[in-house]
Amino acid sequence: MKVASTHVFSAPPDVVFAALSSPEVMVAKYVALGHHDVKIVEHSHRAGITSIRSRRGVPIDPPGFARRFFDPVTVVDQHDEWDPPMPDGSRWGIWQVSARGVPVTTGGQMRLGPTSDGKGTVFEVTGEVNCPMPIVGGRIASFIGADVERTMAAEASFMEGYLREQAATDTGRAGGRGTKGSKETFQDPDPTPHRKAS
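We now turn to the structure provided with this report. Since we're looking at a predicted model, the values are computed, not measured.

With respect to the packing of helix α1 (residues 13-20) against helix α3 (residues 137-171)
Then comes step 1: Relative orientation of the contacting elements α1 and α3 amounts to 120°, with a least axis distance of 11 Å. In this structure, α1 meets α3 at a crossing whose hand is right-handed. Counted together, V15, V16, A19 and L20 of α1 and M159, Y162 and L163 of α3 form the full contact between these two elements.
Then comes step 2: Among the residues forming the contact of α1 with α3, the class breakdown is 7 nonpolar, no polar and no charged.

Let's talk about the sheet that holds strand β5 (residues 91-99)
Then comes step 1: Taken in spatial order, the 7 strands of this open sheet run β1-β7-β6-β5-β4-β3-β2, and their pairing is antiparallel. The open sheet has two edge strands, β1 (2-9) and β2 (36-46), and neither has a second partner. Taking the axes of each pair of neighbouring strands and ignoring which way they run, one obtains an average angle of 15° across the sheet.
Then comes step 2: Sheet analysis places strand β6 (residues 105-114) next to strand β7 (residues 121-130), joined by 10 bridges and oriented antiparallel. For G107, the partnering residue across the bridge sits in β7 and is E128.
Then comes step 3: Of the strands in this sheet, β1, β3 (49-59), β4 (73-82), β5, β6 and β7 touch α1, which is tilted by about 150° from β6.

Quick word on the pattern of salt bridges
Between side chains of opposite charge, pairing is possible as soon as their charged atoms come close.
Then comes step 1: Taken as a whole and assessed by the stated rule, the structure comprises 10 salt bridges.
Then comes step 2: Where E155 meets K29, a salt bridge forms, and the shortest distance between an N and an O atom there is 3.5 Å. Highlighted residues: E155 in helix α3 and K29 in helix α2 (residues 23-32), separated in sequence by 126 residues. Per residue, the accessibility class of E155 equals that of K29, and both read buried.
Then comes step 3: Measuring nitrogen to oxygen at the nearest pair gives 2.3 Å for the salt bridge that ties R111 to E124. With R111 in strand β6 and E124 in strand β7, the pair connects residues that are 13 residues apart, well separated along the chain.
Then comes step 4: The network of salt bridges with shared partners includes E42, R46 and R53.

Definitions and limits used
Residues numbered from 1 in each chain as written. Predicted model: local features only at pLDDT ≥ 70, side-chain atom pairs only at ≥ 80, totals over all residues. Heavy atoms only, no water. Axes fitted to C-alpha atoms, helices over the stretch in contact; angles between N-to-C directions. Helix = DSSP H or I, 4+ residues; strand = E, 2+ residues; numbered from the N terminus. Left-handed = near helix turned anticlockwise from the far one by under 90°. Contact = heavy atoms within 4.5 Å. Nonpolar A, V, L, I, M, F, W, Y, C, P; charged D, E, K, R; others polar. Pairing = 2+ DSSP bridges. Salt bridge = Lys/Arg side-chain N within 4 Å of Asp/Glu carboxyl O. Buried < 20%, exposed > 50% of the residue type's maximum accessible area, 1.4 Å probe, protein only.

Given below as C-alpha cells:
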C-alpha cells in the first residue's frame, strides 16, 4: 500500500529542518502522540548527511484478524536520513520503519523545500507498506498504511504548533504562524534522480 503526506509550513526550510531533526523535538512529538519509552538511538552528521534513529513503543489496536501478529504496544524502530541542503534550502531524505515481531516493511522518501513565495516550506513524504504474508498480508499492509498516514497527519499538526510557538517566542508576536494549506508543491532544482529507501 502506498502512503503519502504533503504539508505546508510558514517557516523557512532551514527552520523546519532544524525542528524535524532535533532529538528534543522528536521526543516531544512522539510523547504527544501517545508513544511510550521514546529513545533517540542515533543522531549524527557525517559528510553532510544527517542520520536519526529512534525507538518507541506504539499502542496498536489491530482488527481481529491481525491481533495475533501485534503486541498491544509494539516496539517500532525508525531511521530518517537527510542529504545536505541544496542552494535554495531544499533537502531530500529517506525514512524506514520496522516493527518488532511484525513482518511488515515500511519506508520511502522525504523532501522539503521553499514555497513559491520563498517564505514557507513544503514538506512531502511518500512511501510504501509491504507485508509478504500469504492470505492476510494485503489486509495487514492496508491497516498499517492507514495508521501510518494518520501518524503523518498527527506529526504535521504537532510540528505546526511547535513552529508557531517558536515564531511567537522569536518575534514576540503572539499571532502564531500556521500553515497555508497542503496543495502547494515546489520545483526540484536538481533534475538528477534522488536516492530511494532500500
